[in-house]
Amino acid sequence: MRHVLSIAIILLALCGIVVGIAGFRGRMSRRPPIEVFSDMDRQPKLRPQKPDAFFPNGVSSQLPVPGTVARSQPIQTLDGPVYPFEDSPVNTGLVTGTTNFAPADPLPVTMSLLRRGQARFDIYCAPCHGRLGDGNGITKKIGDMTAVADLHDARIVDMADGEIFNTITRGKGLMGAYGPLIPVRDRWAIIAYLRTLQLSWLGSTNDLTARERAALK
Amino acid sequence: MSLFPKWTNWLPLCIVGCLAFGGAAVTAAVTYYFTPKYTRVGYEPVQPVPFSHKIHAGELGMDCRYCHTGVEKSWFSNIPAASTCMNCHNQVLKDDPRLAIVRESARTGKAIPWVQVHITPDYVYFNHAVHVRRGISCVECHGRIDEMDEVQHAKPLSMSFCLNCHRHPAAFIRPVSKVTDLGWQWSTNADEAAHLQRVEGAKLVAHMRVQSLQNCSACHR
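Residues numbered from 1 in each chain as written. Chains lettered and ligands numbered in written order. Predicted model: local features only at pLDDT ≥ 70, side-chain atom pairs only at ≥ 80, totals over all residues. Heavy atoms only, no water.

K.L.:
Explain the overall build of chain A here, please?
P.N.:
Along its length, chain A carries eight helices and two strands. Each helix and strand of chain A, placed in order from N terminus to C terminus, yields the pattern α-β-β-α-α-α-α-α-α-α. In terms of overall dimensions, chain A is more spread out than a globule: its C-alpha atoms have a radius of gyration of 29 Å, far above the 17 Å expected for 217 residues. Structurally, chain A occupies a C-alpha span of about 100 × 55 × 35 Å along its principal axes. Buried positions account for 32% of the 217 residues belonging to chain A. Long-range contacts, defined as pairs at least 24 residues apart, comprise 42% of the intrachain contacts of chain A with a sequence gap of at least 6. With the model as given, the accessible surface of chain A reaches about 14100 Å², and the carbon-plus-sulfur share is 62%. (Helix = DSSP H or I, 4+ residues; strand = E, 2+ residues; numbered from the N terminus. Rg over C-alpha atoms; globule rule 2.2 N^0.38 Å. Buried < 20%, exposed > 50% of the residue type's maximum accessible area, 1.4 Å probe, protein only. Contact = heavy atoms within 4.5 Å. Areas by Shrake-Rupley, 256 points an atom, 1.4 Å probe, with all protein chains shown as cover.)

K.L.:
How should I be thinking about the packing of aromatic side chains in this particular structure?
P.N.:
Residue and element names in this part refer to chain A. Tallied over the full model, the rule gives 10 aromatic pairs over all chains. Where Y83 meets F85, the ring centres are 5.8 Å apart and the plane angle is 25°; that geometry is what we call stacked. A centroid spacing of 4.4 Å and a plane angle of 10° characterise the contact between F165 and W188, whose relative ring orientation is stacked. You can see F165 sitting in helix 6 (residues 161–170) and its partner W188 sitting in helix 7 (residues 184–202), a full 23 residues away along the chain. Across the pair, exposure class does not vary: F165 and W188 are buried alike. (Phe/Tyr/Trp six-rings, centres within 6.5 Å; stacked < 30°, edge-to-face > 60°.)

K.L.:
When you look at the pattern of salt bridges in this model, what are you seeing that I'm missing?
P.N.:
Oppositely charged side chains may form a pair once their charged atoms are brought near each other. Under the defined criterion, the tally for this structure stands at 16 salt bridges over all chains. The partner of E72 of chain B in a salt bridge is R65 of chain B, with the nearest N and O atoms 2.9 Å apart. Grouping residues by exposure puts E72 of chain B and R65 of chain B together as buried. For K203 of chain B, the salt bridge is made with E200 of chain B, and the minimal N-O distance between the two is 3.2 Å. Of this pair, K203 of chain B and E200 of chain B both sit in helix 10 (residues 190–207), three residues apart, which is roughly one turn of the helix. According to the relative accessible area criterion, E200 of chain B is partly exposed, its value standing at 24%. Through salt bridges with shared partners, a single ionic network connects E35, R42 and R47 of chain A together with D122 of chain B. (Salt bridge = Lys/Arg side-chain N within 4 Å of Asp/Glu carboxyl O.)

Below is the structure:
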């Protein structure tokens, strides 16, 4: 009987050692997960944004060759589809053949475009300009951002849509370029939504119909 | 005096007992340890820049998509370019030594050597866009990133983990507009939330024609 007991104690001690070394599930670990047979897990193929010695800049994801023309995905405008390579106000924010900013959003303004614009505005613009567009975003709270534009400023209300497009695309002053983050159609959606915001901010009850005014009271 | 002393009468029982105990212990250990629930969960590599999702996505309330712009369009969720960081950090903490690598990357284009935390095996074809655009929140696979200073592998991302959701999408789906709102729930009341998840979840599944894909080639192509 004594032997049985001692063997049991040894076995339990072994279990204790295993648990002591291996720990419990979910324990924080700085070491990458163990892969016992990793030949299928890690195949010799490119994954995006990984280090890769094959290319001179050492990264698997490569930019398109300079001069590459995007051909697909035309944007539907009031004047028919526009492709990304076309010299059109949709792509440049400029009146074709001039350096003047396009006066108006070339996209048909629909409710779905405005909703898209609102969603994108809240993602990309609101951190600085605030969800109301009044320049009171979270960066104001931190206090390090000095000159965030109030989008209800008369300067911006009177600005041509094309100029706002240009500012979003290329940035201005301390504001970075958002062209790389926001696709062209979304930029125009944001501008359409911004106009709605401005209207709601600068409008008065006189802009409402008699029935809507009555509903307010 | 016999060849075998008396204590050997216990030997067979002892051997059987040890084998049974040992077998049980090995089975238990394999079940407990040989699974992504142990091997992956808890992985928290040291990153080259001490970027805190808790501050940016949690406290400041930035949307995931401000940085991970491709997640709705692409199969993978991209790491942002350093220029995205510089949109704010050209003014906020602009001389902070912790951001030196980011500033250098923005200037020279040299990639920041971020360490990938969630890596699906290469034989798995996971598409971010199709999940995010059908109301599967980031939180379902990545956990409460908005509460992590350093990103930790929170869910096992094992095959049974995937299948669990693929079998019952209605139990996990949410309105598409709430996908990046990681703390969102149907209701603050747990019972009501569970009820709404059942009822509204089924409606969303039907409305967005979410398929319950369980064939092998859905993920292994």
